[in-house]
Amino acid sequence: MVPRAQTFAWGLLHRALPIGKRASKFSKHIVGECVRCATLEDEMHMFFLCHFSKAAWFFSPWFIRTEVIAANHHSTPQIIQALLTSAHPYIKVTSLYTFWSIWKARNDALFGRKFCKPSQVFSIANAIMQDSKLEDMFLTPHEHRCTRSVDQHVVPQRDIFLLAGNAIFCDAA
Ligand SMILES: [Zn+2]
């Protein structure tokens with residue numbers, strides 16, 4: 001298990017990442033706005049609603065329209081649940097490396113002034129995935145067994161069917 005990945009996963013699921021909106025409350029030297037578009041940066045903006053993130057999720061192989069998911073699911077953990085129960089052929093727990101890749105792209109832009117392209121997010125996520133096992137970080141053995149009941153509790157069956165169609169992603173064919 002990679003400590004940095006574990007820390008990131010914990011922060012992602014507990015909404016504790018030092019995102020601009022949150023971090024800027026603690027210091028006037030921390031910018032609260034998105035480095036790419038100057039919108040106030042919260043988790044929803046950074047991971048799903050910034051033009052960069054929307055484009056990254058819409059690239060192959062996902063073709064996911066995050067603004068559609070965000071219209072019905074209003075927090076990062078809710079959207080993760082929705083993605084995992086969407087029946088999307090390319091979404092599995094390891095797809096969550098995408099979140100780390102977007103986080104890395106944000107930090108590279110903010111602190112290193114290095115701006116990658118949305119199309120690079122997927123390959124960066126894959127590179128990170130080579131070195132760690134995110135599935136083991138997110139789910140304990142007990143949670144692996146209970147995933148289905150947890151998903152059904154969080155995402156109503158009606159929404160699962162909505163998400164399984166073209167509502168949030170387009171067919172790659
Ligand atoms: Zn932005």
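Residues numbered from 1 in each chain as written. Predicted model: local features only at pLDDT ≥ 70, side-chain atom pairs only at ≥ 80, totals over all residues. Heavy atoms only, no water.

The protein chain appears in an unreviewed UniProt entry as Reverse transcriptase zinc-binding domain-containing protein from Triticum urartu.

Colleague: Account for the environment of Q78, naming residues and giving values.
Modeller: Position of Q78 among the secondary structure elements: in helix α6 (residues 76-84). With 65 residues separating them in the primary sequence, Q78 and L13 have C-alpha atoms 9.5 Å apart. Q78 has contacts with N72 and H73, leaving out every residue within four places of it along the chain. Among the polar contacts listed, one links the side chain of Q78 to the backbone nitrogen of H74, at a separation of 2.9 Å. (Helix = DSSP H or I, 4+ residues; strand = E, 2+ residues; numbered from the N terminus. Contact = heavy atoms within 4.5 Å. Polar contact = N/O pair within 3.5 Å; in protein donor to acceptor, adjacent residues only side chain to side chain.)

Colleague: Which residues make up the packing of aromatic side chains, and what are the values?
Modeller: In this structure the tally under the stated criterion is ten aromatic pairs. Centroid distance F8 to W100: 5.8 Å. Interplanar angle 15°. Geometry classified as stacked. Of this pair, F8 sits in helix α1 (residues 3-13) while W100 is found in helix α7 (residues 97-112), placing the two residues 92 residues apart along the sequence. Residue W100 is classed as buried on the basis of its relative accessible area, which comes to 11%. One aromatic cluster in this structure is built from F47, F48, W57, W62, F99 and F122. Above the plane of the ring of F52 lies R36, whose end atom (NZ or CZ) is 3.6 Å from the centre. (Phe/Tyr/Trp six-rings, centres within 6.5 Å; stacked < 30°, edge-to-face > 60°. Buried < 20%, exposed > 50% of the residue type's maximum accessible area, 1.4 Å probe, protein only. Lys NZ or Arg CZ within 6 Å of the ring centre and 35° of its normal.)

Colleague: Mind laying out the coordination of the zinc ion, listing which residues take part and the relevant values?
Modeller: Looking at the zinc ion, one finds its protein donor set to be C34 (SG), C37 (SG), H45 (NE2) and C50 (SG), positioned 2.2 to 2.4 Å from the metal centre. Relative to the metal, the four donor atoms surrounding the zinc ion lie at angles of 94 to 124°, and the coordination shape comes out tetrahedral. Read N to C, the donor residues that coordinate the zinc ion are spaced as C-x2-C-x7-H-x4-C. Across the pair, exposure class does not vary: H45 and C50 are buried alike. (Donors = N, O, S within 2.8 Å, 3.2 Å for Na, K, Ca; no water. Tetrahedral: all angles 85-135°; square planar, octahedral: opposite > 155°, others 65-115°.)

Colleague: Before we move on, could you go through unusual backbone geometry and cite the residues and values that matter?
Modeller: Between S60 and P61 the backbone carries a cis peptide bond, its omega angle lying at 10°. A positive phi is found at R113, a non-glycine position, where the angle reads about 55°. In this structure, R113 sits in the loop between α7 and α8 (121-130). We classify R113 as exposed; its relative accessible area is 56%.

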